[in-house]
Amino acid sequence: MGLRTYKATGVAIGMLRKMLGIKLRVTGTENLVCRPTLFVANHFTRIETFLVPYVIFQYAGRQVRSLGTHSVFQGAIGRYFEAIGGMSTRHPRRNRTIVRELMTWRHDWVIYPEGGLIKNKKTIHRGRLQLEHPDRQGPPHTGAAMLALKAETSKRRYLEACEDDDRQRIEFYENAFGIAGPEGICPTGIVMVPVTLTFYPMRPSHNLINRLAKFFVRDLDPRIEEELTVEGSILLKGSEICIHFGEPIEVSAYLGKVVALARRVAGLFSEQRRTELFLRKQARRLTDACMQRIYSNLEVSIDHLLSYGLRVYEGDRIIADDLRAAIYLAAEQLSASDHVRVHPSLHNGITSLVTRVPYDPWASAIELATREGIIRREGNEFVINRAALHEDHDFHTIRLEKMMQVLANELEPIRPAVESVREHVNLDVAKLRKRTAQAIHDRESALFDRDYEESYHPDESKPRDLGEPYLLEARGATVGAVLAHGYLASPQQVRGLAEYLHGRGITVYAVRLPGHGTAPQQLTRVRWQDWLDSLLRGEALIRQHCDTVVVGGFSLGGALALLAAARRPETHDGVFSINAPMKLRDRRAPLVGPLVMWNSVMRRLGLSRGHYRISNEETESPDINYGVDYLWTIRELRRAARMCRRHLAQVTAPALIIQSDQDPLVHTDGGRDVLQRLGSQDKVLSTLPFDRHLIIRGEGSETVFAAIARFVKRLAEDGEQPEPVVEELPAKTEDAA
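Worth saying up front: this structure is predicted, and the values here are computed from it rather than measured.

### Looking at the overall build of the protein chain
Across its full length, the protein chain carries 27 helices and 27 strands. Classification of the 737 residues of the protein chain by burial places 57% in the buried group. Looking at the protein chain alone, contacts between residues at least 24 apart form 78% of all its contacts between residues at least 6 apart. Just so you have it, the protein chain exposes about 32700 Å², and 50% of that area is on carbon and sulfur atoms.

### Some remarks on the pattern of salt bridges
Counting across every chain of the model gives 39 salt bridges. With its nearest N and O atoms 2.3 Å apart, the salt bridge here joins E391 to K402. Pair noted here: E391 is in the loop between α15 (386-390) and α16 (398-401) and K402 is in the loop between α16 and α17 (403-411), with a separation of eleven residues, a long-range link. Note that R537 is salt-bridged to E444, the shortest N-O span being 2.5 Å. Placement of R537 in helix α22 (residues 528-545) and of E444 in helix α19 (residues 429-455) is noted, with a sequence separation of 93 residues between them. Accessibility assignment for this pair places R537 and E444 in one class, buried. One salt-bridge network, in which partners are shared between bridges, spans R25, E240, E299 and R341.

### Regarding the environment of R94
Relative to the elements of secondary structure, R94 occurs in helix α4 (residues 94-104). For the pair R94 and L67, spaced 27 residues apart in sequence, the C-alpha to C-alpha distance is 8.5 Å. Here R94 is in contact with L67, M87, S88 and T89, once residues within four sequence places are set aside. Among the polar contacts listed, one links the side chain of R94 to the side chain of N95, at a separation of 2.8 Å.

### Focus: helix α8 (residues 222-236)
With 15 residues, α8 should cover 21 Å at 1.5 Å per step; its first-to-last C-alpha distance of 20 Å lies within 8% of that length. The first or second residue beyond α8 is G238, which carries a positive phi of 85 degrees.

### What about the sheet that holds strand β14 (residues 317-319)?
Pairing is antiparallel across the open sheet formed by three strands, whose spatial order is β14-β17-β16. In this open sheet, the two edge strands, each paired with only one partner strand, are β14 and β16 (375-378). Geometrically, the sheet is characterised by an average inter-axis angle of 30 degrees between neighbouring strands, direction not taken into account. When β16 meets strand β17 (residues 381-384), the two strands line up antiparallel, connected through four bridges. Counterpart to I375 in the pairing with β17 is I384. Here helix α12 (residues 320-335) sits on the sheet in contact with β14, β16 and β17, set at roughly 80 degrees to β14.

### Details of the side chain of N120
Along the chain, N120 turns up in the loop between β5 (108-111) and β6 (124-125). With near-sequence residues (within four places) excluded, N120 lies in contact with E132, H393, F395, I398, V406 and N409.

### Some thoughts on the nonpolar core
Membership of the largest hydrophobic core comes to 136 residues, with the highest contact counts inside it found for F245, I302 and L310. In terms of residues, this core owes the most to one element, α12, which gives ten residues. Ignoring sequence-local partners within four residues, the contact set of L310 consists of L323, A369, I374, I375, I384, R386, L389 and M404. In terms of nonpolar packing, the next biggest core, distinct from the first, is built from 43 residues, L67, I124, L279 and A283 among them.

### Considerations on a nonpolar patch on the surface
Taken together, the side chains of V11, M15, L16, M19, L20, L208, L212 and L236 define a hydrophobic patch exposed on the protein surface, amounting to about 740 Å² of accessible area. If you trace the backbone, L208 turns up in helix α7 (residues 208-216). Since its relative accessible area comes to 54%, L208 is described here as exposed.

### Brief notes about helix α26 (residues 669-677)
Within α26, burial applies to G670, G671, D673 and V674. The buried residues of α26 occupy an angular sector of 160 degrees when projected down its axis, which confines them to one face. In this structure, the buried residues of α26 make contact with α23 (556-567), α25 (631-647), β25 (655-660) and β26 (683-688).

### A word on the side chain of K119
Considering the arrangement of structural elements, one finds K119 in the loop between β5 and β6. Within the structure, K119 has its side chain in polar contact with the side chain of H396 (distance 3.3 Å). Each residue touching K119, except ones within four places of it in the same chain, is listed here: F44, E226, E227, F395, H396, I398, R399 and V406.

### A closer look at the confidence of the model for the protein chain
Of all residues in the protein chain, 89% attain a pLDDT of 70 or more, and the chain-wide mean is 86. Predicted confidence is poor over residues 265-269, with pLDDT under 50, and the contacts of this stretch with residues over four places away or in other chains come to five contacts. Predicted confidence for residues 718-737 stays below pLDDT 50, and this span has 45 contacts to residues more than four positions away or in other chains.

### Regarding the packing of aromatic side chains
A complete count under the given rule lists eight aromatic pairs for this structure. Each ring, one from F172 and one from Y173, has its centre 5.1 Å from the other, and the planes form 80 degrees; the classification is edge-to-face. Using a relative accessible area of 32% as the deciding quantity, one classes F172 as partly exposed. Its relative accessible area of 2% is what places Y173 among the buried residues. Centroid distance Y452 to Y456: 5.9 Å. Interplanar angle 40 degrees. Geometry classified as tilted. Looking at Y452, the relative accessible area reads 8%, which means it is buried. Given a relative accessible area of 48%, Y456 falls into the partly exposed group.

### What to know about the pairing of strand β22 (residues 574-578)
Here β22 lies mainly inside the structure; five of its five residues are buried. A two-sided burial pattern is seen for β22, the buried positions comprising G574, F576 and I578 on one face and V575 and S577 on the other. As paired strands, strand β21 (residues 548-554) and β22 are joined by five bridges and run parallel to one another. Counterpart to F554 in the pairing with β22 is I578. For the crossover that starts at β21, traverses α23 and ends in the parallel β22, the hand is right-handed. Judged from the four bridges that link them, β22 and β25 form a sheet pairing that is parallel. In the strand pairing of β25, F576 is matched with L656.

What counts, and where the lines are drawn
- Residues numbered from 1 in each chain as written.
- Predicted model: local features only at pLDDT ≥ 70, side-chain atom pairs only at ≥ 80, totals over all residues.
- Heavy atoms only, no water.
- Helix = DSSP H or I, 4+ residues; strand = E, 2+ residues; numbered from the N terminus.
- Buried < 20%, exposed > 50% of the residue type's maximum accessible area, 1.4 Å probe, protein only.
- Contact = heavy atoms within 4.5 Å.
- Areas by Shrake-Rupley, 256 points an atom, 1.4 Å probe, with all protein chains shown as cover.
- Salt bridge = Lys/Arg side-chain N within 4 Å of Asp/Glu carboxyl O.
- Polar contact = N/O pair within 3.5 Å; in protein donor to acceptor, adjacent residues only side chain to side chain.
- Expected span 1.5 Å × (residues − 1).
- Pairing = 2+ DSSP bridges.
- Axes fitted to C-alpha atoms, helices over the stretch in contact; angles between N-to-C directions.
- Core = buried A, V, L, I, M, F, W, Y, C linked by side-chain atoms within 4.5 Å.
- Patch = residues over 30% accessible without salt bridge, like charges linked within 9 Å, V, L, I, M, F, W, Y side chains within 5 Å.
- Arc of directions from axis to C-beta.
- pLDDT = per-residue confidence, 0-100.
- Phe/Tyr/Trp six-rings, centres within 6.5 Å; stacked < 30°, edge-to-face > 60°.
- Right-handed = clockwise from strand over helix to strand, strands pointing away.

Structure, rendered in structure tokens:
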């Protein structure tokens with residue numbers, strides 16, 4: 001095998017990655033152990049033939065040889081594959097070469113035990129591993145496992161023969177495998193490493209590669225055209241390739257008493273025949289173990305969850321929000337599991353499924369299902385075409401025509417995933433919404449716990465109970481309110497308002513804006529978008545409980561409430577804002593942005609150690625608010641207010657704006673400016689006689705509470721609410737169900 005050719009191939013692949021923008025992510029590199037290794041990988045495209053050896057060489061510095069189909073070992077391409085260590089499946093000395101090189105650890109090997117490409121990814125039949133090819137249906141080939149077992153067994157028996165000075169057996173092994181002596185045998189045991197390739201997203205379509213092929217080859221074979229379409233799309237259209245190396249499997253663990261038993265019947269069969277008879281059963285066990293790990297190490301994506309959810313859903317119609325909630329719950333459950341690998345997109349932004357914020361992976365998956373005729377949208381429902389879900393397909397075109405079936409098949413070996421999806425898509429609506437609300441609540445509480453523990457400082461951290469988000473549920477209520485606290489404060493700041501509304505039959509959830517309620521230093525890690533996302537998650541939680549949802553807040557919380565109502569106007573039934581910081585009285589506020597930029601430059605030059613902080617000791621609520629502030633966070637506050645002002649015309653929900661007439665921090669005309677910019681037809685500005693900013697605590701606060709309560713209850717579809725049965729849910733519960 002030519003090292004120069006091998007290295008040149010690596011350089012060429014690296015250049016192609018940069019030129020084409022190929023996204024390659026490698027995980028499990030700690031499993032590239034320094035042992036004689038037989039890598040076994042799944043086979044869905046031709047791409048892995050090049051990528052797997054390249055990645056192993058890149059991360060472990062080891063050359064590996066590959067076993068490939070005989071059809072590619074022709075002409076110049078065939079000579080190239082041979083130069084980089086490839087060997088045809090029809091090579092007469094194939095098996096002996098692999099066994100010898102594993103025994104001596106001259107090279108590692110890569111084998112694709114599925115045989116041909118598994119284009120339909122159908123690998124499970126009646127709960128057992130079974131592959132579906134056009135010319136073969138049955139369990140995966142055991143050839144790779146048999147070779148590994150033969151290599152380990154032959155190595156042991158050869159070394160035993162050397163110890164016993166059994167010249168007949170020594171000559172047999174040396175002649176059979178070209179061994180020069182025991183010093184050439186690797187003493188460490190052989191391992192098999194399962195390799196899983198996941199492609200995401202898979203959206204095959206015509207591309208430059210297959211167009212060029214059709215241009216130069218007039219009568220291009222349809223199968224070749226299909227492969228070029230699929231693999232060209234992966235390379236050219238932004239698909240991410242993840243290669244995961246699974247935990248090594250000790251080959252010796254599957255030998256058991258094979259060698260000892262073989263000795264007992266030494267006179268019945270030839271040396272090679274005895275070995276094969278006793279290894280067949282173990283080869284099947286080892287193959288199943290390897291393949292199960294390959295398939296279960298798949299990275300689960302939103303595509304998998306949706307495709308399988310549509311397959312196992314028991315109805316013909318499903319409300320769009322309920323489908324999103326079911327997939328969200330499955331994704332959350334799998335993300336928390338130690339036994340399922342999930343794509344990073346299920347960690348980043350998955351709550352968008354329930355907050356109704358645009359989520360590109362979901363939109364793409366829905367578009368694919370719609371294009372393949374599996375679903376169609378009717379109002380707020382999806383109608384499912386069961387015939388399209390289960391209709392027959394041609395093996396060689398399924399990747400082009402029925403990708404949703406391929407994706408559902410790919411998920412099937414991962415039992416925790418299929419069970420979670422099946423359970424959640426078929427939940428009763430009431431249970432689904434209850435679980436969704438609890439999942440959001442648990443997530444927010446977990447985020448708070450993590451932030452509090454990471455940032456705890458005995459002198460600066462506030463008591464834990466001040467920062468926790470909380471839900472006050474009024475049983476039987478049809479209207480709910482989401483409350484956002486002010487800048488530098490915590491959910492405890494709106495406690496009085498929350499309890500007032502709750503006592504009048506309104507379910508209330510008080511959110512915690514990230515960076516607040518823990519320690520001041522955490523403010524330097526957040527942006528205004530993080531605050532808005534937190535409010536949207538609270539809104540999603542309340543929507544699971546109530547038909548009418550009103551969002552509101554104090555100061556910064558009020559600006560965020562207006563911004564949320566502008567971003568998703570069709571999802572809000574009402575919005576209120578109290579002393580929103582649209583125009584700050586402090587004349588130094590416009591200088592904050594340039595100062596933050598200057599500080600950032602100084603930090604990069606090593607001339608500044610951190611963020612500039614200023615005192616906030618004169619706060620109206622020293623028991624709740626942080627005693628210090630940061631220029632970084634003031635800039636984010638001003639950005640939130642600026643974004644709010646820019647989008648006020650998009651607010652269409654009924655709006656109540658409350659403003660102190662002598663607010664020392666915020667200009668009073670800020671309220672009038674908001675009123676004028678609002679797109680709502682139903683809007684009211686209430687200017688109240690206060691000479692302080694914090695008007696939701698202390699004397700006169702019930703005047704504010706009463707105005708808000710009247711506004712919220714007016715929006716309820718059924719008019720006056722019945723007398724509620726009031727209860728408060730804790731920040732956490734033991735059973736998320």
